[in-house]
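Tertiary structure, described
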Amino acid sequence: VLQKLGKADETKDEQFEQCVQNFNKQLTEGSKLQKDLRTYLASVKAMHEASKKLTECLQDIYEPEWPGRDDMNRIAENNDLLWTDYHQKLVDQALLTMDTYLGQFPDIKSRIAKRGRKLVDYDSARHHFESLQNAKKKDETKIAKPVSLLEKAAPQWCQGKIQAHLVAQTNLLRNQAEEELVKSQKVFEEMNVDLQEELPSLWNSRVGFYVNTFHSIAGLEENFHKEMSKLHQNLNDVMNTLETQEGKPSTNAFTVKAQPRMLRRGPPVPPPPKHTPSKDIKQENIIGLFDDNFVPEISVTTPSQ
């Protein structure tokens with residue numbers, strides 16, 4: 001209260017305050033990462049269930065006499081195992097590591113708060129001791145007045161003892177204040193030194209933790225999709241076999257029916273004959289073919305012509 005009212009000074013440590021700001025920022029980022037990772041895991045689990053139901057549906061509609069029935073069952077089983085393994089490895093290598101990383105923050109946060117309280121105790125003890133050391137005259141007057149009255153009422157022989165008692169009492173209070181100051185300072189400094197070492201180390205550890213976490217997630221996801229791709233290729237092969245063996249008769253029937261339709265078309269029409277001009281046509285008549293009023297001179301007396 002005295003610090004808030006400006007009646008007592010407060011110990012400030014800007015370097016430590018910056019460490020506390022970094023700590024709070026690191027805690028906020030880690031908590032968000034943990035939350036998003038749990039959301040991601042929930043999505044993986046939901047996708048696992050959806051994929052499992054889709055595969056089961058395919059098994060139900062896949063007739064027993066169709067080729068590849070056993071392969072289809074193995075694909076369904078491996079599909080379920082892949083999703084289960086992927087989810088479990090994400091939990092072990094990412095989520096549990098995340099929980100361990102964040103598990104150290106509550107204790108440090110509590111110690112930071114306790115350090116703040118011990119700092120207040122230290123400042124209070126220091127202020128109290130300084131007040132006794134630098135007591136103002138008006139405070140001495142308030143104490144001296146009842147002493148004077150007591151001295152007047154007391155016999156002469158005991159007035160010296162009363163004065164000695166007051167001096168001893170004042171010294172005792174000063175000694176007690178000094179002891180309290182030393183004790184509170186020791187407690188505060190021990191906590192302060194530990195946190196001054198731990199907070200920067202914790203702040204620097206965030207980089208390696210983020211790298212390891214996302215490296216694990218990326219590696220697990222890459223391997224999962226690689227194995228799932230192989231499984232999908234096997235499923236594709238089964239579907240191709242089914243299409244070839246079960247769908248072939250209908251394809252042949254369509255081809256046979258199409259051919260008769262092509263054969264029922266009419267015979268091909270021969271190209272029109274080429275007309276060759278007679279050798280006896282005069283040169284000027286050949287040139288005149290391009291005139292609009294051209295009329296060829298043909299003699300009908302000779303059959304050869």
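To keep things clear, this report deals only with the structure shown in the data block. (Residues numbered from 1 in each chain as written. Predicted model: local features only at pLDDT ≥ 70, side-chain atom pairs only at ≥ 80, totals over all residues. Heavy atoms only, no water.)

Quick look at the environment of K114 now. By the secondary structure assignment, K114 is in helix 3 (residues 105-133). With relative accessibility at 38%, the residue K114 sits in the partly exposed group. Taking the C-alpha atoms as reference, K114 lies 9.1 Å from F188; in sequence the two are 74 residues apart. (Helix = DSSP H or I, 4+ residues; strand = E, 2+ residues; numbered from the N terminus. Buried < 20%, exposed > 50% of the residue type's maximum accessible area, 1.4 Å probe, protein only.)

Relative to the 42 Å expected for 29 residues at 1.5 Å per residue, helix 3 spans 42 Å between its end C-alpha atoms, a close match to the ideal helical length. Residues F105, I108, I112, R115, L119, Y122, D123, A125, R126 and F129 constitute the buried set of helix 3. (Expected span 1.5 Å × (residues − 1).)

Attention shifts here to the side chain of N79. One can find N79 in helix 2 (residues 69-103). Look at N79 and you get buried, because its relative accessible area is 6%. Side chain to side chain, N79 and S51 meet in a polar contact 3.1 Å long. Setting aside residues up to four positions removed in sequence, N79 forms contacts with S51, K52, T55, M228 and L231. (Polar contact = N/O pair within 3.5 Å; in protein donor to acceptor, adjacent residues only side chain to side chain. Contact = heavy atoms within 4.5 Å.)

Next up on the list: the packing of helix 1 (residues 14-61) against helix 2. Put simply, helix 1 and helix 2 touch, their axes get as near as 10 Å, and they point 170 degrees apart. Comparing the axis directions of helix 1 and helix 2 gives the class roughly antiparallel. Looking at side-chain class alone, the contact of helix 1 with helix 2 contains 19 nonpolar, twelve polar and six charged residues. (Axes fitted to C-alpha atoms, helices over the stretch in contact; angles between N-to-C directions. Parallel < 35°, antiparallel > 145°, perpendicular 65-115°, else oblique. Nonpolar A, V, L, I, M, F, W, Y, C, P; charged D, E, K, R; others polar.)

For any pair of aromatic rings, geometry is given as the distance between the ring centres together with the angle between the planes. With the rule as written, the count across this model stands at eight aromatic pairs. Relative to F188, the ring of Y122 lies with its centre 5.8 Å away and its plane at 5 degrees, an arrangement referred to as stacked. Highlighted residues: Y122 in helix 3 and F188 in helix 5 (residues 156-246), separated in sequence by 66 residues. Accessibility classification places Y122 together with F188 in one group, the buried group. An aromatic cluster is built from F23, Y101, F105, F209 and Y210, whose rings are joined through pairwise contacts. The lysine or arginine in question, R126, covers the ring of Y122, its NZ or CZ lying 5.8 Å from the ring centre. Against the face of W203 rests R206, its NZ or CZ located 3.7 Å from the ring centre. (Phe/Tyr/Trp six-rings, centres within 6.5 Å; stacked < 30°, edge-to-face > 60°. Lys NZ or Arg CZ within 6 Å of the ring centre and 35° of its normal.)

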